[in-house]
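What follows is the residue order along each chain.
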Amino acid sequence: MDHVIAARAQMGTSLAFHIVFAALGVGLPLLVLIAEGMWLRTGRRAYYDLARTWAKGMAILFAVGAVSGTILSFELGLLWPAFMSYAGSLIGLPFSLEGFAFFIEAIFIGMYLYGWDRLSPRMHFLAGWPVAISGAVSAGFVTTVNAWMNIPTGFTIVNGKITDVQPLHAMFGSAAGIEVLHTTIAAYVLTGFGAAAVCAFALLRGRGAERREQIVAGLRIAMTLAAVAIPLQMIVGDVIARFDAEHEPTKFAAEEALFRTQRGAPVTIGGIVGADGVRYGIEIPKALSFLKAFDVNAEVTGLDHVAKNDTPPVAATHLSFDAMVGSATLLMMAALWWLYVTLRGRALPRLLLVLIALTGPLATVALEAGWFVTEFGRQPWIARGLLRTTDAVTAAPGIEIQFYGFSVIYVVLAIMCWWLLRRVGTHAHGGERHTLQTRAAR
């Protein structure tokens with residue numbers, strides 16, 4: 001295996017696993033708090049049991065995410081030493097702040113998990129908020145690093161060396177705000193649809209009749225979060241696409257597989273991407289120009305404006321972009337259907353439950369595909385315009401062995417996480433008999 005490909009494959013595999021754990025780690029604490037808040041408001045046992053069950057899942061995902069994230073931090077130094085040497089002074093601040101946010105999250109998640117019978121209900125509820133907030137903030141700091149890699153700023157180059165470093169300017173560059181918002185909402189989209197999919201699958205199987213009220217409550221809370229998050233994500237996605245068209249035209253052209261700069265540019269869906277065009281794709285005439293500037297005759301920059309050796313992998317970027325948009329569209333349709341049925345006070349039809357059960361995998365596809373677009377669309381640069389990926393990789397031998405070894409570790413982590421989460425779902429609140437009246441009276 002090529003040295004650079006092996007390093008990229010190892011980093012890509014690590015990120016592909018970690019981003020799912022991290023996204024659920026951001027979103028699940030909010031679901032837990034909503035469920036506990038509903039219990040405090042209504043006193044219904046189903047919400048209490050639901051909060052306890054989801055809290056166990058939150059703990060598992062936090063532990064697995066901490067392990068996978070630690071591996072990634074080592075990989076940055078081991079696989080990309082030239083990048084860390086070149087840009088360490090610029091991206092060190094958000095990584096340091098991410099560490100502080102992580103420590104706050106770890107402290108309060110311990111208080112929350114072990115405080116069910118030691119804190120008053122309201123104090124316990126309040127202890128959960130730092131978990132939800134610090135988790136989102138932590139992910140946001142990491143996302144600012146990726147934003148900097150896409151549009152580097154906050155420095156001056158003198159004789160080929162970075163000088164006049166401005167860490168705050170680097171962290172809050174032009175791409176930071178929109179990328180952080182897009183990534184954070186994506187976490188709530190995945191969590192909402194993922195939790196709803198588990199509940200829908202349980203209802204379809206017809207098992208756990210004694211926990212049906214809890215499952216129905218979980219489905220309602222999760223789908224409410226999803227129904228709020230997915231339209232927001234579609235709006236932010238549209239904004240970020242226009243941002244890419246203006247500030248990252250090469251990435252935007254690769255997303256849309258637009259090889260030639262033109263007015264009245266079409267949107268191309270799917271197809272087989274070749275060296276200089278797309279075959280068998282579905283074209284919507286002038287739609288891309290309209291989406292970019294609300295003008296069907298607006299000019300859209302194509303890949304012909306950039307040298308061949310600076311062109312991203314068009315097929316991977318374009319198909320990932322289509323997978324992201326297509327999955328998000330299906331998720332939007334499922335959310336609208338659920339909202340329509342729910343607002344009319346009707347029982348959920350079986351076909352809708354089947355669709356909701358499929359939204360979990362679809363949301364995962366959308367998340368992963370969106371990350372692929374970001375990473376593929378920046379190539380061949382690790383920091384756009386500053387440092388190429390081929391120049392940043394380590395020269396140390398044995399990268400291929402590391403790739404296979406870490407891949408096995410992540411597969412084992414994923415299997416263990418799935419097994420533990422299944423046990424939590426199967427034995428939810430099994431054997432626990434808490435006197436809720438006593439707790440509520442504290």
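Scroll up to find the structure.
Quantities reported herein were computed from a predicted structural model and do not represent experimental measurements. (Residues numbered from 1 in each chain as written. Predicted model: local features only at pLDDT ≥ 70, side-chain atom pairs only at ≥ 80, totals over all residues. Heavy atoms only, no water.)

Draft legend 1. Helix α4 (residues 121-150), seen in detail. When the terminal C-alpha atoms of α4 are compared, their 45 Å separation across 30 residues agrees well with the 44 Å that a helix rising 1.5 Å per residue should span. The buried fraction of α4 amounts to 21 of the 30 residues, a majority that puts the element mostly inside the structure. (Helix = DSSP H or I, 4+ residues; strand = E, 2+ residues; numbered from the N terminus. Expected span 1.5 Å × (residues − 1). Buried < 20%, exposed > 50% of the residue type's maximum accessible area, 1.4 Å probe, protein only.)

Draft legend 2. Geometry of the packing of aromatic side chains. Under the definition given, this model contains 10 aromatic pairs. Pairing Phe290 with Phe294 gives two aromatic rings, centres 5.8 Å apart and planes at 90 degrees, and the pair type is edge-to-face. Phe294 gets classed as exposed once you look at its relative accessible area, which sits at 57%. One aromatic cluster is present, formed by Trp39, Tyr48, Tyr112 and Trp116 through successive ring pairs. (Phe/Tyr/Trp six-rings, centres within 6.5 Å; stacked < 30°, edge-to-face > 60°.)

Draft legend 3. Structural detail: helix α3 (residues 81-114). Taking 1.5 Å of rise per residue, the 34 residues of α3 would be expected to cover 50 Å, yet its terminal C-alpha atoms sit only 41 Å apart, more than 12% below that figure. Along α3, the helix axis deviates most sharply at Gly88, where the bend reaches about 80 degrees. Taken together, the buried positions of α3 are Phe83, Ala87, Leu90, Ile91, Pro94, Gly99, Ala101, Glu105, Ile109 and Tyr112. (Bend = angle between axes of the 7 residues up to and from the residue.)

Draft legend 4. Expanded view of the environment of Leu119. Its place among the elements puts Leu119 in the loop between α3 and α4. Judged by its relative accessible area of 25%, Leu119 is partly exposed. Spatially, the C-alpha atoms of Leu119 and Leu33 are 15 Å apart, while their sequence positions differ by 86 residues.

Draft legend 5. Spatial organisation of the nonpolar core. Formed by 102 residues in total, the largest nonpolar core has its most connected members in Trp54, Trp80, Phe83, Trp148, Phe193 and Leu219. A per-element tally of this core places helix α1 (residues 3-42) first, with 18 residues. Residues Ala245, Leu258, Val267 and Val300 belong to the second largest nonpolar core, which totals nine residues. (Core = buried A, V, L, I, M, F, W, Y, C linked by side-chain atoms within 4.5 Å.)

Draft legend 6. Quick peek at the pattern of salt bridges. Inspection of every chain in the model, using the stated rule, returns seven salt bridges. The closest approach of N and O atoms between Lys251 and Asp244, which form a salt bridge, is 3.8 Å. Measuring nitrogen to oxygen at the nearest pair gives 2.9 Å for the salt bridge that ties Arg378 to Glu375. Of this pair, Arg378 and Glu375 both sit in helix α11 (residues 350-378), separated by three residues, roughly a single helical turn. (Salt bridge = Lys/Arg side-chain N within 4 Å of Asp/Glu carboxyl O.)

Draft legend 7. Focus on unusual backbone geometry. Put simply, Gln379 and Pro380 share a cis peptide bond, and its omega is 10 degrees. Along the chain, Pro380 falls in the loop between α11 and β9 (381-383). Here the phi dihedral of Ala257 falls at roughly 50 degrees; this positive angle occurs in a residue that is not glycine. Mapped onto the secondary structure, Ala257 falls in the loop between α8 (249-255) and β3 (262-263). Even without being glycine, Lys286 reaches a positive phi, approximately 60 degrees. Of note, Lys286 is situated in the loop between β7 (282-284) and α9 (287-293).

These results come straight from atomic positions and should not be treated as a statement about function.
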